[in-house]
Amino acid sequence: MSVPYETAAYEPPESPESPEEHLMRLLGRALNSFELPDETIRQLDCALAHDGSLHSAHHSAGLHRETYRHTWLLADGSAVTLWELVHNTTPGGEPQHEVYIDEEELRTATARLALPPDTPDFELPVQVQLSPAPAPRHSYVPDASADHVRRLLRRAENPDRPGADLAARLATASAHRITQAFGGPGRARSARIGFSLYEHAFLLRDGAEVSLWEVEHTATPDGRHMCEVYASEDTARRAMERRAAQVSP
C-alpha cells in the first residue's frame, strides 16, 4: 500500500518520429515560424503525442495549395493544433511552407495566393486521431523533474545505486510524484533504528513511467541518517533486510 508523500516534480506510444522531432521538422521548413508565439512553443515542448493529416488541397494550372493539420496532445490532456500551408508561387515551382496557429490566420494567408477562385477546394473529412497514450499509474504535476533525479541520485550513498544509463533516461522526465511504501524489515528491533521506503515515480516524455526506490534509514554504526536508492522495489526491500540484519543483536 502507498500513500501520497509529496506532490513534486511532473512525449505517446512508440512512433517513428517523436513529438519534438515532428515539431522541429515543421518549424524548420516553415518560412514564418519565427512569428509563432513563444508560449505556444513552450507548450509543445512537453507534448506526449502528435498526429498530422491533410486537411484540404487545391490544384489548378500548375499551381497548388495544400493545408495540413498538426495536432499535439499535452500532458494535461489538452491539445494544440498548428496549421501548415504548402504552396508554389509559379507553375511547377518549389513548394513553400508556412505555419499558423488558427484557421482564421490560415484563411487570410490562403486568400492572397494566385489561385483561380472558380476552382473549388476538395476537403478531406479527416478527423485527427491521436494514438492513445497509456494511462499513467500516478497523477503527476509539471515540475523540474530532471533536477529532482539529479538531487536524488547525488544523495544516494549505496555503491549499487542506478547507473549513468538510467540517469540519462530519467533526464527526459517531465513530471514525477513521490509516495511512501509501508512495510519495513522484520529484523529491525531497536528503537533507534528507523526505515522508510519511498517510490519516486517519473513520467518520461515518451509516455513511459520509471520508478526509483529510496530507502532512508538509521541502521548505521553511529545512528547517522543514510539514503540509498535502487532501481526496483524488490532490490530496495532486500537492502533494508540486509541493513537491519547487520545491526540486530
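In what follows, the structure referred to is the one given above.
Since this is a predicted model, take the numbers as computed values, not measurements. (Residues numbered from 1 in each chain as written. Predicted model: local features only at pLDDT ≥ 70, side-chain atom pairs only at ≥ 80, totals over all residues. Heavy atoms only, no water.)

A. Structural view of the overall build of the protein chain. Counting its regular elements, the protein chain contains six helices and 11 strands. Taken across its 249 residues, the protein chain has 44% of its residues classed as buried. Summed over its atoms, the accessible surface of the protein chain is roughly 13300 Å², and 53% of this surface lies on carbon and sulfur atoms. (Helix = DSSP H or I, 4+ residues; strand = E, 2+ residues; numbered from the N terminus. Buried < 20%, exposed > 50% of the residue type's maximum accessible area, 1.4 Å probe, protein only. Areas by Shrake-Rupley, 256 points an atom, 1.4 Å probe, with all protein chains shown as cover.)

B. Here's a closer look at the pairing of strand E8 (residues 173-181). With respect to burial, E8 is a largely interior element, nine of its nine residues being buried. Both E8 and strand E9 (residues 195-204) contribute to a ladder of eight bridges, which runs antiparallel. Paired with alanine 175 across the bridge in E9 is leucine 203. (Pairing = 2+ DSSP bridges.)

C. Representation of helix H1 (residues 19-29). Among all positions of H1, only Pro19, His22, Leu23, Leu26 and Leu27 are buried. On an axial view of H1, the arc spanned by its buried residues comes to 125°, and they lie on one face. Buried residues along H1 sit in contact with helix H2 (38-44), strand E2 (49-60), strand E3 (63-73), strand E4 (79-87) and strand E5 (96-100). (Arc of directions from axis to C-beta. Contact = heavy atoms within 4.5 Å.)

D. Highlighting the environment of leucine 54. Residue placement: leucine 54 occurs in strand E2. Relative accessible area serves as the criterion here: at 25%, leucine 54 is assigned to the partly exposed category. Along the backbone, leucine 54 and glutamate 66 are 12 residues apart, and their C-alpha atoms lie at a distance of 7.4 Å.

E. Summary view of helix H4 (residues 145-155). Residues of H4 that are buried: Ser145, Ala146, His148, Val149, Leu152 and Leu153. The arc that holds the buried residues of H4, viewed along the axis, is 155°, so those residues lie on one side. Looking at the buried positions of H4, the neighbouring elements they touch are helix H5 (164-170), E8, E9, strand E10 (209-217) and strand E11 (226-230).

F. Representation of a negative patch on the surface in the model. Residues Glu35, Asp102, Glu103 and Glu105 make up a contiguous surface patch of negative charge. Structurally, the position occupied by glutamate 35 is in the loop between H1 and H2. By relative accessible area, which is 53% here, glutamate 35 ends up exposed. (Patch = residues over 30% accessible without salt bridge, like charges linked within 9 Å, V, L, I, M, F, W, Y side chains within 5 Å. Salt bridge = Lys/Arg side-chain N within 4 Å of Asp/Glu carboxyl O. Lys, Arg positive; Asp, Glu negative; His and termini not counted. Charge placed at Lys NZ, Arg CZ, Asp CG, Glu CD.)

G. Local environment of the pattern of salt bridges. Applying the stated criterion across every chain, the model contains nine salt bridges. Among the salt bridges present, the one from glutamate 104 reaches arginine 107, with a minimum N-O distance of 2.9 Å. Of this pair, glutamate 104 and arginine 107 both sit in helix H3 (residues 103-111), three residues apart, which is roughly one turn of the helix. By relative accessible area, which is 48% here, glutamate 104 ends up partly exposed. Here arginine 107 falls in the partly exposed class, since its relative accessible area comes to 48%. When the shortest N-O distance is used, the salt bridge between aspartate 147 and arginine 150 registers 2.0 Å. Taken together, the positions of aspartate 147 and arginine 150, both in helix H4 and three residues apart, correspond to about one turn of that helix.

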